[in-house]
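Here are the chains, one letter per residue:
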Amino acid sequence: MVKETARAKINLTLDILGVRADGYHEVSMIMQTIELADELELRKTSGGIILKQDATKILGGENLPLNEKNLAWRAAIEFQKFCGKDLGVEISLVKKIPVAAGLAGGSSDAAAVIRGMNRLYEMNLSEKELCKIGERVGSDVPFCIIGGTCLAEGRGEILTKLAPIKKFAVVLAKPEGEISTAWAYKTYDENPAKTHPPNKEIINLFECGEYDEAFKNFYNVMESVALKKIPVIADLKSKMFAAGAKVALMSGSGATVFALTDESTAKKISESVENTGAQIFITETF
Ligand code: ATP
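Residues numbered from 1 in each chain as written. Predicted model: local features only at pLDDT ≥ 70, side-chain atom pairs only at ≥ 80, totals over all residues. Heavy atoms only, no water.

Asks: Just to check I follow, could you spell out the pattern of salt bridges for this structure?
Replies: Opposite charge on two side chains lets them pair, provided their charged atoms get close. Under the criterion given, the structure shown has 21 salt bridges. When the shortest N-O distance is used, the salt bridge between Glu78 and Arg136 registers 3.8 Å. Linking Glu78 in helix α1 (residues 71-83) with Arg136 in helix α3 (residues 127-137), this pair joins segments that are 58 residues apart in sequence. Between Asp109 and Lys95 there is a salt bridge whose closest N-O contact spans 2.9 Å. (Salt bridge = Lys/Arg side-chain N within 4 Å of Asp/Glu carboxyl O. Helix = DSSP H or I, 4+ residues; strand = E, 2+ residues; numbered from the N terminus.)

If you want it as structure tokens, here you go:
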């Protein structure tokens, strides 16, 4: 048996550079792994895939598929295909990351299955090979395999590892309502952003340790799209800033808003958004 921790991510920035010939969007985003995580256990079986899922701790968990539509299951299929063998696996998954929240919960489960099956069957596949398998499941899966702090380009699968950033406390507020990634991109295309995050500059500022200056430049081009459907995002951000957040920004295509702060201010920030109907988590950068 092997255990894997499937950590969530936040987008410190998210930029869309255009639509590609293959229909995917060309993105440029700075991604950061956080400690909030789903937990997995993988066991060998004589063949096939079994998925056991406990999603009782998260809102909307009852709607998660327990079949090949689950990204954990799809990852096991792709791992078997890559190896050309029926490497039987029983996956026990405990969900803690909110679903369809811009935190890559599903992609992270997929990444954990790929890493875990590699260990379980001692396949010794390289990180590059694991990412190739991950790409087939979803664009965010390679980042979830590698983790840490990365610049993600292409459709999200071209990764440049960055030096780890300083530890920050992270407050997450997941408002009611879900945003489908497909809807968000379609709506974005109808009215593309005029302001873009200066990703290269932010990376330089990180390298110089000038975090406060970097924070001023964090930007997510999808935020204005999500605001149309979930206006409370604006309220969450202003409350977090008022309570002392260094940054308050939406992650991914939404709708979770995160604040970065020091440990002593995290509680105050979480209390400031208590009466908004949002689900709140206090965690930290990985
Ligand atoms: P991203 O930030 O990568 O856009 P997200 O956080 O918005 O991801 P996920 O939580 O990964 O979204 O889920 C997106 C969709 O994937 C949901 O509609 C959900 O039903 C489906 N899904 C399939 N398997 C899983 C899983 N193991 N965990 C969460 N969602 C899953």
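Asks: What should I look at first to understand the domain arrangement of the protein in this one?
Replies: Buried accessible area, meaning the area lost when the parts come together, often serves as the stated size of an interface. Each domain of the protein was delimited in the assignment, giving domain 1 (2-161) and domain 2 (169-284). With centres defined by C-alpha atoms, the gap from domain 1 to domain 2 works out at 23 Å. Across the boundary between the two partners, domain 1 contributes 27 residues, which contact 34 residues of domain 2. Summing both partners gives a buried area of about 2,400 Å² for domain 1 against domain 2, and 63% of it is carried by carbon and sulfur. When residues of domain 1 are sorted by the area they lose upon contact with domain 2, Leu12, Leu14 and Ile16 head the list and together hold 23% of the total. The tally of links between domain 1 and domain 2 comes to 14 residue pairs in polar contact (both at pLDDT 80 or more). Listing elements by their share of the side of domain 1 that touches domain 2, those giving two or more residues are β1 (2-19), β2 (25-44) and β5 (149-153). In terms of residue count, β1 provides more of the side of domain 1 that touches domain 2 than any other element does, 9 residues in total. A per-class count over the side of domain 1 that touches domain 2 returns 17 nonpolar, 5 polar and 5 charged. (Domains from an automatic or database assignment. Contact = heavy atoms within 4.5 Å. Buried area = accessible area lost by both parts, 1.4 Å probe. Polar contact = N/O pair within 3.5 Å; in protein donor to acceptor, adjacent residues only side chain to side chain. Nonpolar A, V, L, I, M, F, W, Y, C, P; charged D, E, K, R; others polar.)

Asks: Looking at this model, I keep getting lost on the packing of α1 against helix α2 (residues 105-120). Mind explaining?
Replies: The angle between the axes and the distance between the axes are what describe a pair of packed helices. Put simply, α1 and α2 touch, their axes get as near as 8 Å, and they point 35 degrees apart. α2 is crossed by α1, and the crossing has right-handed handedness. Contacts from Leu71, Ala72, Ala75, Ala76, Phe79 and Gln80 in α1 reach Gly106, Ser107, Asp109, Ala110, Val113, Ile114, Met117 and Asn118 in α2. Partitioned by chemical class, the residues of the contact of α1 with α2 number 9 nonpolar, 4 polar and 1 charged. (Axes fitted to C-alpha atoms, helices over the stretch in contact; angles between N-to-C directions. Left-handed = near helix turned anticlockwise from the far one by under 90°.)

Asks: Any chance you could explain the pairing of strand β3 (residues 49-54) here in plain terms?
Replies: Along any regular strand, the residues point their side chains to alternate faces of the sheet. Looking at chain direction, β3 and strand β4 (residues 89-94) are connected through 6 bridges and run parallel. Within β4, the residue paired with Gln53 across the bridge is Leu93. What joins β3 to β4 is α1, and the crossover it makes is left-handed. (Pairing = 2+ DSSP bridges. Right-handed = clockwise from strand over helix to strand, strands pointing away.)

Asks: Mind showing me how you'd approach the sheet that holds strand β9 (residues 257-261) here?
Replies: Two modes of strand pairing occur in sheets, parallel and antiparallel, and in both the strands are linked by backbone hydrogen bonds. Spatially, β8-β9-β7-β10 is the arrangement adopted by the 4 strands of the open sheet, whose pairing is antiparallel. Sheet topology places β8 (247-250) and β10 (279-284) at the edges, where each strand pairs with a single neighbour. Each adjacent strand pair in this sheet contributes to an overall mean axis angle of 20 degrees, direction not counted. Pairing analysis gives 4 bridges linking β8 to β9, with the strands arranged antiparallel. Paired with Ala248 across the two strands is Ala259, which belongs to β9.

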